[in-house]
Amino acid sequence: MTREYVNSVCATLPGAEHSDPWGGGHDAWKVGGKMFACVGTAGDGVSVKTADIETAQMLIDAGVGAKAPYFHRSWVRLPWSADPEEIQHRLLSSYDIIRSTLTKKVQATLPPRG
């Protein structure tokens, strides 16, 4: 998979916004101002939020991902060599997790995810 693939998936999500908050070529995707996916300048994979630390550790132990540098332990970095369906699933899950933490008022402004 590639940065372009991640960006194409994220761009389809309701209310998703792209930014480069630290400069230098990051692709950070946010919903309601909260990040749900990030491709760093190293360009070696995508970091996503998981439901909890245990889920992240399970993915790391299974060899699906690695600890996402600079992020909370509930985040994992999926390498480009990961299964495309796994990457898409984790991007959508991360989006849903972050979206669910938004205030009800902000959530009400977002269209449903198809």
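For the structure itself, consult the block above.
Owing to the predicted nature of the structure, the values given are computational and were not obtained by experimental measurement.

### With respect to the packing of helix α1 (residues 3–11) against helix α3 (residues 84–101)
One way to put it is that α1 packs onto α3 with a least axis distance of 10 Å and a crossing angle of 40°. The pairing of α1 with α3 is recorded here as oblique in orientation. Regarding α1 and α3, the two cross each other, and that crossing is right-handed. Of α3, the residues touching α1 (which contributes Tyr5, Val6, Val9 and Cys10) are Pro84, Ile87, Gln88, Leu91 and Leu92. Looking at the contact of α1 with α3 residue by residue, the classes come out as eight nonpolar, one polar and no charged.

### Some words on α1
Residues Arg3, Val6, Asn7, Val9 and Cys10 constitute the buried set of α1. On an axial view of α1, the arc spanned by its buried residues comes to 165°, and they lie on one face. The exposed set on the far side of α1, more than 90 degrees from its buried face, consists of Glu4 and Ala11. Against β1 (16–19), β2 (27–31), β3 (34–39), β4 (45–49) and α3 lie the buried residues of α1.

### What to know about the pairing of β3
Counting buried positions along β3 gives five out of six residues, so the element sits mostly inside the fold. As paired elements, β2 and β3 share five bridges and run antiparallel to each other. Within β3, the residue paired with Ala28 across the bridge is Cys38. The hairpin formed by β3 and β4 contains five residues between the paired strands, and Gly43 there has a positive phi angle of roughly 65°.

### What about the pattern of salt bridges?
Using the criterion set out here, one finds four salt bridges in the structure. As a salt-bridge pair, Asp44 and Arg77 come within 3.2 Å of each other at their nearest N and O atoms. Within this pair, whereas Asp44 is found in the loop between β3 and β4, its partner Arg77 is found in strand β6 (residues 75–79), the two being separated by 33 residues in sequence. We classify Asp44 as partly exposed; its relative accessible area is 39%. The exposure class of Arg77 is buried, given its relative accessible area of 17%.

The rules behind the values
Chains are numbered independently. Their residues run from 1 in the order of the written sequence. Per-residue local features are limited, in this predicted model, to residues with pLDDT of at least 70; the limit for side-chain atom pairs, both in listing and counting, is 80 or more; totals at the level of whole chains, interfaces and linings are taken over all residues. Just so you know, side-chain values use all the structure's heavy atoms and leave hydrogens and water out. To get an axis, a line is fitted to the C-alpha atoms, and for a helix only the part in contact is used. The angle between two axes follows their N-to-C directions and goes from 0 to 180 degrees. Under the scheme used here, helices are H or I runs from DSSP no shorter than 4 residues and strands are E runs no shorter than 2 residues, and both carry numbers assigned from the N terminus. Oblique is the label for any angle not covered by the other classes, which are roughly parallel (under 35 degrees), roughly antiparallel (over 145) and roughly perpendicular (65 to 115). Two helices crossing with the near one rotated counterclockwise from the far one by less than a right angle form a left-handed crossing, whereas a clockwise rotation gives a right-handed crossing. The contact definition used throughout considers only heavy atoms, calling two residues in contact when any of these lie within 4.5 Å. Asp, Glu, Lys and Arg are counted as charged, while Ala, Val, Leu, Ile, Met, Phe, Trp, Tyr, Cys and Pro are counted as nonpolar; the rest, among them Gly, fall into the polar class. Here's how the labels work: a residue is buried when its accessible area is under 20% of the maximum for its type, exposed when over 50%, partly exposed in between, all with a 1.4 Å probe on protein chains only. Note that the arc is computed from the directions linking the helix axis to the C-beta atoms. Pairs of strands are assigned from DSSP output, requiring at least two bridges between the strands. By convention in these notes, a salt bridge is any Lys or Arg side-chain nitrogen within 4 Å of a carboxyl oxygen on Asp or Glu.

None of the figures reported here should be taken as evidence of function without further support.
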